[in-house]
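Structural overview
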Amino acid sequence: AAWLRYAPLPASVARQYSAPSTVVALNISEVDPVYTAGQELQKGIQGIFGGKVTVANTNISLSSPAIIVSTLGQYVKAYGSETAGHVPELTDDAFWLDTTGDTVQILGQNGRAALYGAFEYLSLIAQGNFSKVAYATAPDAPIRWVNQWDNMDGHIERGYGGDSIVFSNGTIKNDLQRVIDYGRLLASIRINGIIINNVNANATLLNPKGVDGIGRVADALRPYGIQVGISLNFASPSANLVYGNLTTFDPLNQTVIDWWTNVTDTIYDRVPDFAGYLVKANSEGQPGPLTYNRTLAEGANMFASALKPHGGILMFRAFVYDNHINETNWKADRANAAVDFFRDLDGVFDDNVVVQVKYGPIDFQVREPPSPLFAHLRQTGAAIELQITQEYLGQQCHLFYLPPLWHSILDFDLRSDNKSTLVSDVVSGKRFNRTLGGYAGVVNVGVNDTWLGSHLSMSNLYAFGRLAWDPHGDSETILQDWTRLTFSSDPAVIETITDLSLESWPTYESYTGNLGIQTLTDILYTHFGPNPASQDNNGWGQWTRADADSIGMDRTVSNGTGFSGQYPPEVAEVFEDISTTPDNLLLWFHHVNYTTKLKSSGKTVIQHFYDAHYAGAENAQTFATRWERLKGKIDDQRYNETLFRLRYQAGHSIVWRDAINEFYHNMSGIADEAKRVGSH
Ligand code: GCW
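All values derive from a computational prediction rather than experimental measurement.

Attention now moves to the overall build of the protein chain. The helix and strand inventory of the protein chain stands at 18 helices and 18 strands. The C-alpha radius of gyration of the protein chain comes to 26 Å, within 12% of the 26 Å expected for a compact globule of 680 residues. Its C-alpha atoms give the protein chain principal-axis dimensions of about 80 × 65 × 50 Å. In the protein chain, which comprises 680 residues, the proportion classed as buried is 62%. Sequence-distant contacts, at least 24 apart, represent 71% of the contacts inside the protein chain between residues at least 6 apart. As displayed, the protein chain offers around 23,900 Å² of accessible surface, 50% of which is attributable to carbon and sulfur atoms. If you average the places of the 49 positive and of the 72 negative side-chain charges in the protein chain, the two averages end up 4 Å apart.

So this is what it looks like as structure tokens:
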């Protein structure tokens, strides 16, 4: 149930509110999310206050206290337009919530918006917040999707909460109850789309059995207002599928175009509200249009035209790079790839194409500057790809509350044309007047009871939905709402979870890779645990260029890879110059001696490494003991399971500390002033 527990409020709090015992849900069918909203309100109020709640699905007279949930259109039909005179204009997916009168009014611009409003009301009362409110709220961006990297055999790539809830044995499961439960969670955070399979996609999902399975998933999620989409393998036409086997997948070949049109029409026959496709092409060995010397845009547009008549969207990933680059070339830089590949394509994508961009230029690292591609998609819809699953960030075995990291990207001002250009305003479409854009969160929930593998990591999923709706949302406020809903309003619980969560990013960064050197985790296999040596001497391009004297990537225009020049001039200037580059990105942009002094502290780079790793690990040691304060304040199971994880983290942070410090001590031969490193 995660944050949707509807746990009873303490009697002293519950007493302060008399919740209506009648719900009127003006749904048009049982798959209408308004129907779901009625059921949810009933369950929620009964759970929170006890007592019995009835749901009526037709308009009754509104003389007695009730909760009415409806689309604005159905409401006006039932009660007349004069009863809605006070409701402001509602844009797509927006809702109106009014608790000031005897009747609580929840009116959505559409069905899913009414459901969002019902969840909002339930969230308020479940937290014991009975203030009288009347407001409309609208999403910042139209695309608020989650991605699952589920393989058809049931395994999830970079999933840490067990196997897939959607797939097993090469096909879609018969029992989709967990999918329904997931849909409920997602609807409550206003997610409106899901890509159900891995971007490293298996073409057999397009077989008739697969298409019917997609249809069943879509049927399961429709009552939650969530549209289903899939990832595609670009070479599907030449795979061994029943739709005829072509010998080519050239996007300009007419038989290929017809093939995709046919597949797309077949899917829409079964799923009329199908969301669209997500495509990873020419990336990490995946096939793509470059095989045929076609541009990435020609590849994307082929799908976009097949989707267009049905209203579908093509999400095209910007994660295109060569993973066989040569480190002996000082100017080679994987970070340059996205802009190099996409800059000249701006303006040639069809209008239902959205380019999906990872937040940073490399790959979900503990600290990255924002992808400069956000400044170059001026005539193309853009979505930011965030990761809820903690691939490089401790894989749910280390506490990492992500919203502050996300804010460091979303709030970044790229200064295009010397004007305010927040990343959040690019993806919302506001900055460059795009109609499509938004958020894609790689979640990777699995069959584990905790969904993600650990209880506390669910704050990240909750916050992802909140920030996709309102990217200005405050990390701490969101966390505390989540904590009250998930655990309790006990001040010790709120305080402890807040403190640990807000310390989690700086702590993890300190004992893994700091000063912008990237996470320093193993990048060749597991992406877990320390392995600074794995960064260099391979084609992946997540290099540190560490040698006996110096470290860091010179990404300047003057002497390095030129990456800093991919930003608009005002930003490029800051990163080009070592004296204005913030310390936390120093080694991202510059190659320096270990003895170079930091601006903030005056310490040398190497001494900062040593000290930060000790300080980070030391703080991680405190997490478990601080958590122990909550014994008896939350249920034993969640208390113990979380304690287990925090104790693991305490130990693993020491492994991290020593592995990194010894590695750079060996490499540099520079002694630790505090004589800790090298003394083992
Ligand atoms: O970082 C890499 C991951 C891959 C992933 C890829 C991507 C799904 O290690 O597992 O593949 O990113 O985002 O496409």
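This is not the end of the story, as more comes after the structure.
What follows concerns the site of the ligand. Residues in close proximity to the ligand total 15 residues, the closest being Glu157, Lys280, Arg317, Lys358 and Asp363. For the ligand, an oxygen atom lies 2.9 Å from a polar atom in the side chain of Arg158. Contact distances for the ligand include 2.7 Å between an oxygen atom and a side-chain N or O atom of Arg317. For the ligand, whose unbound accessible area comes to 340 Å², protein coverage reaches 96%. Class assignment for the residues of the shell around the ligand results in 4 nonpolar, 3 polar and 8 charged.

This paragraph deals with the sheet that holds strand S2 (residues 54–56). Ordered by their spatial adjacency, 6 strands build an open sheet running S2-S1-S3-S5-S4-S6, and the pairing between neighbours is mixed. Of all strands in the sheet, those with a lone pairing partner are S2 and strand S6 (134–137), marking the two edges. For this sheet the average axis-to-axis angle between neighbouring strands, irrespective of direction, equals 15°. In this sheet, S2 lies alongside strand S1 (residues 22–25) in parallel orientation, the contact comprising 3 bridges. Paired with Val23 across the two strands is Val55, which belongs to S2. Relative to strand S3 (residues 67–71), helix H2 (residues 33–49) is tilted by about 160°, and along the sheet it contacts S1, S2, S3 and strand S5 (104–108).

Here the domain parsing of the protein chain yields domain 1 (11–137), domain 2 (143–477) and domain 3 (511–553 + 591–668). Just the C-alpha atoms count here: the centres of domain 1 and domain 3 sit 48 Å apart.

Rules used throughout
- Sequence order as written defines residue numbering, which begins from 1 separately in each chain.
- In view of the model being predicted, local features appear only for residues whose pLDDT reaches at least 70, and side-chain atom pairs are presented and counted only at 80 or more, with totals across whole chains, interfaces and linings using the full set of residues.
- Working from all heavy atoms in the structure, the side-chain values ignore hydrogens and water.
- Note on conventions: DSSP H or I runs of at least 4 residues are helices, E runs of at least 2 residues are strands, and numbering of each starts at the N terminus.
- Here the globule rule is a power law, 2.2 Å times the number of residues to the power 0.38, and the radius of gyration is based on C-alpha atoms.
- Only protein chains enter the accessibility calculation, which uses a 1.4 Å probe; a residue is then buried when its area is under 20% of its type maximum, exposed when over 50%, and partly exposed in between.
- In what follows, residue pairs with any heavy atoms lying within 4.5 Å of each other are defined as contacts.
- Computed by Shrake-Rupley with a 1.4 Å probe, the accessible areas treat only the displayed protein chains as cover when residues are assessed.
- Charged residues are defined narrowly, with Lys and Arg counted positive, Asp and Glu counted negative, and His plus the chain ends left uncounted.
- Positions of charges follow a simple convention, taking NZ of Lys, CZ of Arg, CG of Asp or CD of Glu.
- Here a residue is near a molecule or strand as soon as one of its heavy atoms is found within 4 Å of it.
- Any N or O atom pair separated by 3.5 Å or less is treated as a polar contact, with the protein-specific requirement of one donor-capable and one acceptor-capable atom, and with residues adjacent in sequence counted only for side-chain atom pairs.
- Three residue categories are used. Nonpolar comprises Ala, Val, Leu, Ile, Met, Phe, Trp, Tyr, Cys and Pro, charged comprises Asp, Glu, Lys and Arg, and polar comprises the others, including Gly.
- When DSSP locates at least two bridges between a pair of strands, those strands are taken to pair.
- Between N-to-C directions, angles cover 0 to 180 degrees, with each direction set by a line fitted to C-alpha atoms, over the stretch in contact for helices.
- In this document the domain limits rely on a domain assignment from an automatic tool or a database.

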